[in-house]
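The chain contents come next:
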Amino acid sequence: MSATADHAEERTNPAARLGFEPGQVVQEIGYDDDVEQELREGIEAAIGQDLVDEDYDDVADAVLLWFRDEDGDLTDALVDAIGLIEDGGTVWLMTPKTGRDGYIEPSDINEAAQTAGLSQTKSISVGKDWTGSRLVTPKAARGKR
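Residues numbered from 1 in each chain as written. Predicted model: local features only at pLDDT ≥ 70, side-chain atom pairs only at ≥ 80, totals over all residues. Heavy atoms only, no water.

1. Digging into the overall build of the protein chain
What counts, and what does not: Only DSSP runs of H or I reaching four residues or more are called helices, and only runs of E reaching two or more are called strands; each is numbered from the N terminus. Only protein chains enter the accessibility calculation, which uses a 1.4 Å probe; a residue whose area is less than 20% of its type maximum is buried, one above 50% is exposed, and one in between is partly exposed. The contact criterion used is simple: two residues touch if any of their non-hydrogen atoms lie within 4.5 Å. Only the protein chains shown count as cover for residues, and all accessible areas are computed by the Shrake-Rupley method using a 1.4 Å probe.
For the protein chain, the count of helices and strands is six helices and five strands. Taken from the N to the C terminus, the helices and strands of the protein chain come in the order α-α-β-α-β-α-β-α-β-β-α. The buried share of the protein chain, taken over its 145 residues, is 41%. A separation of at least 24 residues holds for 70% of the contacts in the protein chain among residues at least 6 apart in sequence. Accessible surface, the protein chain: about 7,800 Å² in total, of which carbon and sulfur atoms supply 44%.

Structure follows, in C-alpha cells:
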C-alpha cells in the first residue's frame, strides 16, 4: 500500500488512527450496546483477532475503555485499566461526545488521568457519538519499572 493510501485509510478508519498493530492483545472494558461497533470491528481487523473482554486473565498490550459519566469513578476505572496492560501500554478512553448522554468534561478526564498516573497524549473523534483519548504512563515512570 502506498503512503497516500495509508493516509487515506487513517482518515476514513478511526481504528487505523489509534495505532493498533497486528498481534496486539486489546482488552475491552465497559462494552454496551451504545459503543461504536465500526470502531470495534476496525480494531479487530487491525490486530487480526477479537478483542478480549473484562474476564481476560493475562496482561494486554492496550485497553479500550468505554466510559460514561454514570459509570462510576473514572480515576478508579483508569487505575484498574493500568493494572491490565504491559508496561508502556496504552489506555484508549472512549467517552461520549459533547451533548451525548454520559458526556464527561475534558477537564474531568485530564484530572482523572493525572490522578491515575497517566498522561493524555491526544484525543480524536472515533465515530458520531464517541471521542477517544490516548492515555499513557509518563516516560519517566516507564523507565523506573
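Read on for the rest.
2. Comments concerning the packing of aromatic side chains
Aromatic ring pairs are defined here through the distance separating the ring centres and the angle between the ring planes. Our working rule: Aromatic pairing here means that ring centres of Phe, Tyr or Trp (its six-membered ring) are within 6.5 Å. Orientation follows from the plane angle: under 30 degrees is stacked, over 60 is edge-to-face, and everything else is tilted.
Applying the stated criterion to the full structure yields one aromatic pair. Here W66 and W130 contribute two aromatic rings whose centre-to-centre distance is 4.8 Å and whose plane-to-plane angle is 80°, an arrangement assigned as edge-to-face. Placement of W66 in strand β2 (residues 60-66) and of W130 in strand β5 (residues 130-136) is noted, with a sequence separation of 64 residues between them. Residue W66 is classed as buried on the basis of its relative accessible area of 1%.

3. Some words on the nonpolar core
For clarity, the cut-off: To qualify as a nonpolar core, a set must consist of buried Ala, Val, Leu, Ile, Met, Phe, Trp, Tyr and Cys residues joined through side-chain atoms within 4.5 Å.
Core analysis: the largest hydrophobic core is formed by 19 residues, its most contacted members being L65, L78 and V91. Sorting the residues of this core by element identifies β2, α4 (74-82), β3 (85-96) and α5 (106-115) as the ones contributing at least two each. In terms of residue count, α4 provides more of this core than any other element does, five residues in total. Grouped together as the second largest cluster of nonpolar side chains are 17 residues, A15, F20, I47 and W92 included.

4. Structural notes on the packing of α4 against α5
Counted only if it meets this: Note on definitions: angles span 0 to 180 degrees between N-to-C directions of axes, and those axes are lines fitted to C-alpha atoms, for helices only across the stretch in contact. Each angle is binned into one of four classes, with values under 35 degrees roughly parallel, values over 145 roughly antiparallel, values of 65 to 115 roughly perpendicular, and all other values oblique. By convention the crossing between two helices is left-handed if the near helix lies anticlockwise of the far one by an angle smaller than a right angle, and right-handed if it lies clockwise.
Contact geometry of α4 with α5 gives a least axis separation of 8 Å together with a crossing angle of 45°. Taken together, α4 and α5 sit at an angle that is classed as oblique. Between α4 and α5 the crossing geometry is right-handed. Of α5, the residues touching α4 (which contributes L74, T75 and L78) are D108, I109, A112, A113 and T115.

5. Things to note about α5
Just so we agree on the cut-off: Here the arc refers to the directions that run from the helix axis out to each C-beta atom.
Buried within α5 are the following residues: I109, A112 and A113. Projected onto a plane normal to the axis of α5, the buried residues spread over an arc of 100° and lie on a single side. Opposite the buried face of α5, by more than 90 degrees, sit the exposed residues E111, Q114 and T115. Considering only its buried residues, α5 is in contact with α4, β3, β4 (119-125) and β5. G117, located one to two residues past α5, shows a positive phi value of around 90°.

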